[in-house]
Amino acid sequence: MEVVQTVKTASIYGAFNARWLEPEDVARSFVPTLPFKRLVHLQNSLLMGPRGCGKTTLLKMLTRRAQNVWKGERLPNEPQWADYRRPDFEAIYIPSDVRWSSELESVSRELIDFPTDAERAQRASVAISAVVEATRVFHAIARENELDPSAFLKALITHLQLGPTIPSFPEIRLKLVGWIDEILAGLIKRDTGAIHRHLDRLPAAFTGHALSAVTKACTVFEEFTEGIAPGRWALCFDELEIAPQWLQREMFAALRSFDQKFLLKLTWSPVLPTDLTPRQERQHDYSAIRMWHGHAADAKPFCKEFTTRFLRDRLTSTTVAPNDVFGPSPFAQDDSENPDVYGHGGPAWRTMVHLAQRDPSFNQYLIEHGLSPDNPVAEVVSIRDESLRKVKPIVLLREAFFKDARDRVTRSRSRKNPPIYYGEDSIYAMSEGNPRLLAGLLNELLDTDMKPLTSGSPLARPPVQSRILYLASQRTLTGIKTYPIRPGSRGRSLSALVDKLGRYLHSELLTPEFNADPVGSFFVDEDVSQEVLDELSVGLLIGAFVHVKSPQQDIPTSVLGSRIRLSYMLAPYYGLLFRNYREMRLSTALRISASSQRLMFWREEE
Amino acid sequence: MHLKSLRESTLGELSDRCSAFVAACGYEHRSVEITRLVRGPERRVALCFNEWPEAIARVDNQREFVERGFDLEVVGGNDANKVQEIVSRVAQSPSPSGKAVAFDISSMTRAWHGAIVRELRTMEADSDVETFFAYVPAKFRKPPAHSSPNEFVGPVHGFAALSTPDLPISAVIGLGYERERALGLQQLLDPERTVLMVPRGGDQDPYYPQVRNSNRHILTRTQRDWVFEYSLAEPAATFATLSSIVSGLRDSYRVVLASLGPKVFGLLCFLLATRFSDVSVWRVSSGIHGEPRDAHADLDRVVVISAVWGPGPR
């Protein structure tokens, strides 16, 4: 056994994926957000966002088990969350993941000459999974109400046509799972006849509409548990974006028209599915809930709350604050009122003076804005905001990379990663408000040695933070590079696109002439090829790109016509800033980046 | 049939006991090396890759297979069904009682490995059947500077478990030396528990530092209790270790086995999955984007496995 660097144990706040947390633990670490307020409405919902943005957390928070902890443990101690309403329905969380989705897909490949049976086998798997989860909910309700479930169980066996089965919740589940095992046995043997016969023997509800079996089970529960059955059910299908297409189609159709007793809570990628594009329906039939943040500042309140809870849990302190551990980010722009930052001798003042001495174009910029390059002090807040605060991040970046270019002799590896990406706001921005990413970053940062440089400085040293964040950025790019490409596509189109845009944006910040208004985002225009549009869709799903804004209540109905930027996770790797800045037509950016090497390699040439 | 036992063996034993031998005819120089050392089996079949019919040593290899009395079968690198049909024919063709079937897996794809094991698993037999798997590693070459993209990442034909997603995933990944492929698989699967299997071929193994270096990110992010080194020269011991790990994980996880490294580890994954139908075996393939890359056999490190299959299910 080889010894490798120890990864310390994470708490429930450190879990990378809510899918693997019990609902009770999800509730213990939950930070309420506005999307959750919308999700509890008595309305069908489509939770939209990239992987890891917290969709599963919200679905699990709807469940009885999570709500019990929320009500019993959290609210008594945290009354500030009291205005977050409890769901007025009984939620059944129906899980999914990449493994299951790929395995369902593999059934189609195994039965390529029998597509109808392949789909029936998938339908049976989905229906069984949903009923299995429903039985867990029925069991919990019965237990909480001290109800003898025998009559209900017998009725369930009868009405779901389970055949001879002992009337207990575990036995029913085992029976159902046994049906999947029979399908699997046929698949392993490639015995299509046996699969066909088995599927024919299954009750029609299990190979029919995706919701038939589970809704039937709920109805039986209502009939046989009078007085304790909920008035409404919410069927919460996770990861619908990677489910078989027939399931997606049926769910979207059901969003528009299904038994009012059942609400659907579905998850989806950041672009509205084409099945739902008749836009006027959206308001009435379902609410599309956006789960991503176009601007870094939008995610900050959630990130701060999550990080505070995380730190207090992991560092077993009731008072520690994010700023104590990570310190401020040099890019933070909410410091205009602090005269120490921009005043004579302050950190921003020093950086600007230093850059002005070496970058004639910035020197000129200051003069043009009525500021002295030797002493760029603005007493008037509006001038400070407009001329100094706005450009501070660009100045910092130019200062860091300008050194790199000028000081060729002493250039070292660390210059590739200048220590400017650290501090509370940088961590928040990189996470994109995505709890899985944020928990991952915080875990890694806390796994390092906590030794402040001086008394009063952050516990996590800025250079160490910078190194960890750079590695995380690099790893994000690895994830993009290794994400399976679409069959038939030409090589690594997505990672090549990300790389092209990352370099383009970096060059925008380091143009020979200081530019206070660089390009930071892209408008996806009609001249962009279909191949690029397809790559953008994948990139949005896996979080390589983020929608900045788009028409129609900020829910994009297509990639075309939307405004996007690169994920801030990629900022340290490409040397970018946590700002959206102005937009540019994507087709133009791609054309320029293909033809102009001057901008691309300014750093090296300088 | 079900897998009864597995042990280490030799090419001599393979030559003495086998009546049928199946090899792969590809573009690697390695393709023919084991064949040159095997005597005896009267029934000989070479699975010739459909892809890259003229690359590197492919033409010479094919000529040599013909000279050595092999029947040629042209098969696509991902065509598991055809390989199953061929294995079924070869393994069930009349032969003197007690004779075994051998496979040189060195130049085969993982899809073919899966097809072979799947066919053996589903075959019906009245008595025990012995199979031999021979593998010769390639002599060390640095990995390509730019690895090809992943076109297919998913379960191998016949090794998708279909378990409902009510338990978290555990990924048991056999590391290879291509940069960060394992990290990519981990990010895609997003397992709660990752187990890494690191191949080690002795103190002088040039692959070992390369594997560690190419996977440094995933190695530093994985708890050291879940990083295991295994010896390529001891496949039976590796099989026992893998079996123990998977048995322990199955109660709490849905296990995915994936081999990105030496093919013999991939074979062990398939063999193990015949014992646990709830365990999936995944492969990562670059599809049409992979470029031919030669491999020369390191004949000092030939590995032979004997696997005995009993009639009926376990």
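Reading the values: rules and limits
- Residues numbered from 1 in each chain as written.
- Chains lettered and ligands numbered in written order.
- Predicted model: local features only at pLDDT ≥ 70, side-chain atom pairs only at ≥ 80, totals over all residues.
- Helix = DSSP H or I, 4+ residues; strand = E, 2+ residues; numbered from the N terminus.
- Buried ≥ 20, exposed ≤ 12 C-beta atoms within 10 Å, placed from the backbone.
- Contact = placed C-beta atoms within 7 Å.
- Nonpolar A, V, L, I, M, F, W, Y, C, P; charged D, E, K, R; others polar.
- Domains from an automatic or database assignment.
- Core = buried A, V, L, I, M, F, W, Y, C linked by C-beta atoms within 7 Å.
- Pairing = 2+ DSSP bridges.
- Axes fitted to C-alpha atoms, helices over the stretch in contact; angles between N-to-C directions.
- Parallel < 35°, antiparallel > 145°, perpendicular 65-115°, else oblique.
- Left-handed = near helix turned anticlockwise from the far one by under 90°.
- pLDDT = per-residue confidence, 0-100.

Digging into the overall build of chain A
Scanning chain A from N- to C-terminus turns up 30 helices and 9 strands. Residue burial in chain A is summarised as follows: out of 606 residues, 47% are buried. Once local pairs closer than 6 in sequence are excluded, the contacts in chain A between residues at least 24 apart make up 75%.

Observations concerning the interface of chain A and chain B
Between chain A and chain B, the residue contacts involve 41 residues of the former and 44 residues of the latter. Mapped onto the side of chain A that touches chain B, the elements with two or more residues apiece are helix 5 (98-110), helix 6 (115-144), helix 8 (169-189) and helix 24 (462-482) of chain A. The biggest single contributor to the side of chain A that touches chain B is helix 5 of chain A, with 9 residues. In terms of residue class, the side of chain A that touches chain B is made up of 19 nonpolar, 12 polar and 10 charged.

Some points on the domain arrangement of chain B
Residues and elements named next belong to chain B. Per the domain assignment, the segments of chain B are domain 1 (2-139 + 297-310) and domain 2 (152-289). Computed over C-alpha atoms only, the centres of domain 1 and domain 2 are separated by 23 Å. Each partner contributes residues to the interface: domain 1 has 23 residues there, and domain 2 has 23 residues. Those elements that provide at least two residues to the side of domain 1 that touches domain 2 are strand 1 (2-9), helix 5 (110-122), strand 6 (129-135) and strand 13 (303-310).

Examining the nonpolar core
If you look at the biggest cluster of nonpolar residues, it comprises 274 residues, and the most contacted ones within it are A:Ala127 and B:Leu47. Among the elements that line this core, the one with the most residues is helix 6 of chain A, at 12 residues. Those residues in contact with A:Ala127, other than ones at most four positions away along the chain, are A:Ala205, A:Phe206, A:Ala210, A:Ala213 and A:Val214.

Concerning the sheet that holds strand 3 (residues 43-49) of chain B
Residues and elements named next belong to chain B. Across the sheet, which stays open at both edges, the 7 strands sit in the order 1-13-6-5-2-3-4 with mixed pairing between neighbours. Strand pairing shows two members of the sheet lacking a second neighbour, strand 1 and strand 4 (71-75), which therefore form its edges. Averaged over all adjacent pairs, the angle separating strand axes in this sheet is 20°, with direction ignored. Relative to strand 5 (residues 100-104), strand 2 (residues 18-25) runs parallel, the two being bridged by 4 bridges. Pairing of Val 22 across the sheet is with Phe 103, part of strand 5.

Remarks on the packing of helix 4 (residues 80-92) of chain B against helix 5 of chain B
The description of two helices packed together rests on the angle between their axes and the distance between the axes. All names here are of chain B. Put simply, helix 4 and helix 5 touch, their axes get as near as 8 Å, and they point 45° apart. Comparing their axes, helix 5 and helix 4 come out oblique. When you trace helix 4 past helix 5, the crossing you get is right-handed. Contacts between helix 4 and helix 5 involve Ala 80, Val 83, Gln 84, Val 87 and Ser 88 from the former and Ala 111, Trp 112, Gly 114, Ala 115, Ile 116, Arg 118 and Glu 119 from the latter. Of the residues contributing to the contact of helix 4 with helix 5, the split by class is 7 nonpolar, 3 polar and 2 charged.

Details of the domain arrangement of chain A
Think of interface size as the accessible area that goes away when the parts come together; that is how it is often given. Residues and elements named next belong to chain A. Domain assignment breaks chain A into domain 1 (39-291), domain 2 (293-329 + 422-482), domain 3 (336-407) and domain 4 (483-605). Of the residues lining the interface, 13 residues belong to domain 1; the matching set on domain 4 comes to 13 residues. Across the side of domain 1 that touches domain 4, the residue classes break down as 6 nonpolar, 3 polar and 4 charged.

Thoughts on the confidence of the model for chain B
When pLDDT is averaged along chain B, the result is 92, and 97% of the positions lie at 70 or above. Overall fold confidence for the complex sits at a pTM of 0.90, while the interface term, ipTM, reaches 0.90.

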